[in-house]
Every structure is written in C-alpha cells, then in structure tokens.
Amino acid sequence: SQTIHQWPATLVQPVGSPLSLECTVEGTSNPNLYWYRQAAGRGLQLLFYSVGIGQISSEVPQNLSASRPQDRQFILSSKKLLLSDSGFYLCAWSVTSGANVLTFGAGSRLTVL
Amino acid sequence: AQSVTQPDIHITVSEGASLELRCNYSYGATPYLFWYVQSPGQGLQLLLKYFSGDTLVQGIKGFEAEFKRSQSSFNLRKPSVHWSDAAEYFCAVGAVYNFNKFYFGSGTKLNVKP
C-alpha cells in the first residue's frame, strides 16, 4: 500500500533563516506531488505541484521554492523565512492518470518568530 | 475561474442530530468532487468522492453527499452526528481534464454539543 511521510512535524524558526520541509511517498511510482499551505483560519492554498522529476509548477509567487530531486521526494524550501510563512504545510500525492484522489501527509507546523 | 465555496465557517450541532454541510463550486468542465475531514493538527482524510454515475455517494464514517449539477452543489450529510465527528471539513474539486489541480473550499468547522 502507498504511504506518505512528511517531516519535520513541527518547526520553529527565526525570521531570515532557511527552511527545508521534506516529503516522500512509498508504494507508487511517478506520482503527482503537491505542497499546500494552510494558514490559521483559512483554507488550503496550493503552492506547488510536480508531475515528474525536476518538473515544478508554482501556483503562487512567494518566498518559497520546491524541488523534486527523486521520483518520490518533494522538498519545500526557503532561503529566508518571513513571518508570513508561518502555517501548516501539507504534502500530498495523486496518481498521474485516471480518476485522481489526493492523499495527504500528516503535515508540518511552521512557526516563524 | 475555478472556485469552491463553503458558506458556513462554523456549525454547531447536538450529538445525535442530523448534519448538512454546504458546498458550491464553479468549474467550467466536468468536475471530480471530494469531501475531506481534518482533525486538529492532522492531515486531511478523504471522506468520499464523486467521479461519475450515481449522484448520491456514500463515504466512510456514515457520511454521504449528493451531487446536484443544476445547483453546482455537493453537500455533505450525516443522519446522526457523533461527538467524534467534531473536526474541520473541506470540499474540493478536481479537474477531469486536468489531473494536476485540485481546489479547496475554506472549510467548515463542526462543533458537536453533548
């Protein structure tokens, strides 16, 4: 069966520090991968999605970037965090064809101080 | 433009009462429709999905939803709410012809009174 792992679960970082959140999927090949952000009291905002290694689409211009160095690995990064980057970050995956369902990881809580 | 609207930010129901959470979508093509549930500090869990066929779909935990194309709605229902149903619920739409994108509503927080 497929599983999705996301880490770290909780992160407290000072303003201006770098960020790296990692996500890996097991039990499937060539998945679509996604990063969402959930700010307090708001819904889910799609940040990035990827349909293959090295292929990243950005939905919202911001202080973040994403990379997909391996087929089942998706990384969310920032060189310098802003206060507004605080939130709950969710990685998700789906199959690349046919009827799609998003499956989410457990999330990473980022607090920027 | 694609959008999903959940008009109710918070809903409180008594345990044992029935529940209906509203969802309206705007999408220019045939959509896939989903309901997810999120417990505090957790990821999202799929409750049910609609791809095609019967417009009344059954999900986990006793939930069901009905797709009404004429109203662009996909409301979630449960006949008798349990205290463990307290959570946040998200409606989402995915594109049939663009498998890469899913759009979410802003969520409805459900409180259950004992």
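Up top you'll find the structure we're talking about.
Now for a description of the structure that goes with this document. What you see is a predicted model, and the numbers here were worked out from it, not measured in a lab.

Reading the values: the criteria
- Residues numbered from 1 in each chain as written.
- Chains lettered and ligands numbered in written order.
- Predicted model: local features only at pLDDT ≥ 70, side-chain atom pairs only at ≥ 80, totals over all residues.
- Heavy atoms only, no water.
- Contact = heavy atoms within 4.5 Å.
- Buried area = accessible area lost by both parts, 1.4 Å probe.
- Salt bridge = Lys/Arg side-chain N within 4 Å of Asp/Glu carboxyl O.
- Polar contact = N/O pair within 3.5 Å; in protein donor to acceptor, adjacent residues only side chain to side chain.
- Helix = DSSP H or I, 4+ residues; strand = E, 2+ residues; numbered from the N terminus.
- Nonpolar A, V, L, I, M, F, W, Y, C, P; charged D, E, K, R; others polar.
- Disulfide = S-S within 2.5 Å.
- Buried < 20%, exposed > 50% of the residue type's maximum accessible area, 1.4 Å probe, protein only.
- Pairing = 2+ DSSP bridges.
- Axes fitted to C-alpha atoms, helices over the stretch in contact; angles between N-to-C directions.
- Core = buried A, V, L, I, M, F, W, Y, C linked by side-chain atoms within 4.5 Å.

### Some points on the interface of chain B and chain A
Counting residues at the interface gives 20 residues for chain B, matched by 23 residues for chain A. Each partner contributes to the roughly 1,700 Å² buried at the junction of chain B and chain A, and carbon and sulfur atoms together form 60% of this total. Counting every contact that joins chain B to chain A gives 0 salt bridges. Between chain B and chain A we count 4 residue pairs in polar contact (both at pLDDT 80 or more) in total. Of all the secondary structure elements, the ones that give two or more residues to the side of chain B that touches chain A are strand S5 (31-38), strand S6 (44-50), strand S10 (87-95) and strand S11 (102-104) of chain B. The element best represented in the side of chain B that touches chain A is S5(B), accounting for 4 residues. In the side of chain B that touches chain A, the residues fall into 10 nonpolar, 7 polar and 3 charged.

### Regarding the pattern of salt bridges
All names here are of chain B. Scanning all chains against the criterion turns up 6 salt bridges over all chains. Note that Arg77 is salt-bridged to Glu64, the shortest N-O span being 3.3 Å. One end of the pair, Arg77, is in strand S9 (residues 73-78); the other, Glu64, is in strand S8 (residues 64-68), and 13 residues separate them in sequence. A network of salt bridges, in which partner residues are shared, links Glu64, Glu66 and Arg77.

### Remarks on the state of the cysteines
Taken as a whole, this structure holds 2 disulfides over all chains when the rule is applied. Here Cys23(A) pairs with Cys91(A) through a disulfide, and the sulfurs are 2.0 Å apart. Its torsion about the S-S bond being -75°, the disulfide of Cys23(A) and Cys91(A) is classed as left-handed. In this pair, Cys23(A) is assigned in strand S3 (residues 19-26) and Cys91(A) in strand S9 (residues 87-94), connecting sequence segments 68 residues apart. Considered together, Cys23(A) and Cys91(A) belong to a single accessibility category, that of buried residues. The disulfide that involves Cys23(B) links it to Cys91(B), with 1.9 Å between the sulfurs. The sign of the -65° torsion about the S-S bond sets the Cys23(B)-Cys91(B) disulfide as left-handed. Note that Cys23(B) is positioned in the loop between strand S3 (19-21) and strand S4 (24-26) and Cys91(B) in strand S10, a separation of 68 residues in sequence. Comparing Cys23(B) with Cys91(B), the two get one shared label, buried.

### Some words on the sheet that holds strand S1 (residues 3-7) of chain A
Residues and elements named next belong to chain A. In space, the 4 strands of this open sheet follow the order S1-S3-S8-S7, with antiparallel pairing throughout. Looking along the sheet, the strands with just one partner apiece sit at the ends: S1 and strand S7 (65-70). Between one strand axis and the next, the sheet turns through 20° on average, direction left out of account.

### What about the nonpolar core?
Within the largest apolar cluster, 29 residues are counted, with the highest numbers of intra-cluster contacts made by Leu19(B), Trp35(B), Leu47(B), Leu48(B), Phe74(B), Leu76(B) and Tyr89(B). Among the elements that line this core, the one with the most residues is S10(B), at 5 residues. For Leu48(B), the residues in contact, after removing those within four places along its chain, are Leu33(B), Phe34(B), Trp35(B), Val57(B), Gln58(B), Gly59(B), Phe63(B), Glu64(B), Ala65(B), Phe74(B) and Leu76(B). Judged by nonpolar contacts, the second largest core, of 20 residues, contains Leu19(A), Leu33(A), Leu47(A) and Leu81(A).

In short, geometric facts, not functional conclusions.
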